[in-house]
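Remarks on the overall topology
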Amino acid sequence: MTEKKIIAVVGATGGQGGGLARAILDDSDGPFALRALTRDVSSARARELADRGAEVVRAVAGDEASLRKAFDGAYGAFLVTNFWEHMSPDREKQEAAAMARAADESGMAHVIWSTLEDTREYIPVGSGRLPVLLDCYNVPHFDAKAEADRYFIDAQVPATLLRTTFYWENLLGPLAPQRGEDGRLVLALPMADSALSGIAVEDIGRTAYGIFGRGGDLTGRSVNIAGEHLTGTEMAERLTRVLGEEVVYAPVPWDVLRGSGQPGAVEMANMFQFYAEVPEFAAARDLDLVRSLNPRLQSFETWATEHKEALTGA
């Protein structure tokens, strides 16, 4: 029997990495074996992966020594950072640089770096359209990841740049439909009349699995992904069908969100304005390509049906 190729997955107990970890484990007859990288090998999620046959290894995104050890002997790796843990673009870039150096030194055949577009290529900083954040960013968690792409490109790491998008899981928290004064459920989003490119976080990992399955075919390339492109009205229509009661869409002005005082509100408003005002973002996401990589790609309605109880109870 041919020995399986090891895929080292950063954040294997999290959202994106967890989706890939489960995709590898679910395909027990497939060509890959899971090496789950996590800071806490004793956590419940880590133990669950170990119980399913994964090799669980302690590694920290910014700790190059632990990454080199974790990448040793691996065929490939899935690399992701968690900006919202610290909200520091500098730290995010430092972590990405450490991962790129460790990946380069390991000699792995294929790396997937989970990243995003640089919004400044579409809306110049200081143009007056968006508030400037941290002196040089429109949307720090987009722009810093895009800057970090250079670490992989310059080192000539055989990498696929996996450009992600809005998680539908965000609708299970503060963005969930809320009941208005008239008793109707209201989906309030700062998207005006534009379509939002969304995806189930599980499908990010599943699509990454499909990319690894293509061998080296997609190294040196960007793969931009989404599950569906829907306006707020279209999302409300689908939620109406799923929840069995009317859901109406209410567009939230970006400046209202910026002035809400919520943590990260200005950055989030800038992000939604970028989504709404830059149609190239959705146009770059070929859903047929994503489906070819991930035949189980969920539509928004399929995802909402699976999370109906959480949406109703939010």
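Relevant structure appears above.
So, here is what we can say about the structure in this document. Residues take numbers from 1 onward in each chain, read along the sequence in its written order. For a predicted model such as this one, the threshold for reporting local features is a pLDDT of at least 70, and the threshold for listing and counting side-chain atom pairs is 80 or more; totals across whole chains, interfaces and linings nevertheless cover every residue. Heavy atoms from the whole structure form the basis of all side-chain values; hydrogens and water molecules are not counted.

**Re the nonpolar core**
Note on soluble globular proteins: their nonpolar side chains tend to be buried together. Threshold: For this analysis, a nonpolar core means a set of buried residues of the types Ala, Val, Leu, Ile, Met, Phe, Trp, Tyr and Cys, connected via side-chain atoms within 4.5 Å. The buried label goes to any residue with under 20% of its type's maximum accessible area, the exposed label to any with over 50%, and the partly exposed label to all in between, with areas taken from a 1.4 Å probe on protein chains only. By definition, residues are in contact when any of their heavy atoms lie within 4.5 Å.
L20, L34, F71, F78, L79 and L162 are the most contacted members of the largest nonpolar core, which has 56 residues in total. Apart from residues lying up to four places away in sequence, F71 is in contact with A8, R35, L37, A77, L79, M99, A102, A103, S106 and M108.

**Some points on helix α1 (residues 16-26)**
We apply this condition: Every helix listed is a DSSP run of H or I at least four residues long, and every strand listed is a run of E at least two residues long, numbered separately from the N terminus.
By the criterion of burial, α1 is predominantly enclosed, with nine of the 11 residues buried. Regarding α1, the residues found buried are Q16, G17, G18, G19, L20, A21, A23, I24 and L25.

**Points about the sheet that holds strand β5 (residues 110-115)**
Stated formally: Should DSSP find at least two bridges between two strands, the strands are regarded as paired. Axis definition: a line fitted to C-alpha atoms, over the contacting stretch in the case of helices. Angles run 0 to 180 degrees between N-to-C directions.
If you trace the seven strands from one edge of the open sheet to the other, you get β3-β2-β1-β4-β5-β6-β11, paired in parallel fashion. Lying at the two open borders of the sheet, with one neighbouring strand each, are β3 (55-58) and β11 (222-224). Shown here is a sheet whose adjacent strand axes are inclined to one another by a mean of 20 degrees, direction ignored. Examined bridge by bridge, strand β1 (residues 5-10) and strand β4 (residues 76-79) share three bridges and lie parallel to one another.

**Remarks on the pairing of β4**
Cut-off, in case you're wondering: Every crossover in which the path from the first strand over the helix to the second runs clockwise, viewed with the strands pointing away from the viewer, is termed right-handed.
Residues of β4 alternate between two faces, with G76 and F78 on one and A77 and L79 on the opposite face, all of them buried. The pairing of β4 with β5 spans four bridges and is parallel. Its bridge partner lying in β5, A77 is registered against V111. Crossover β4 to β5 through helix α4 (residues 89-106) is right-handed.

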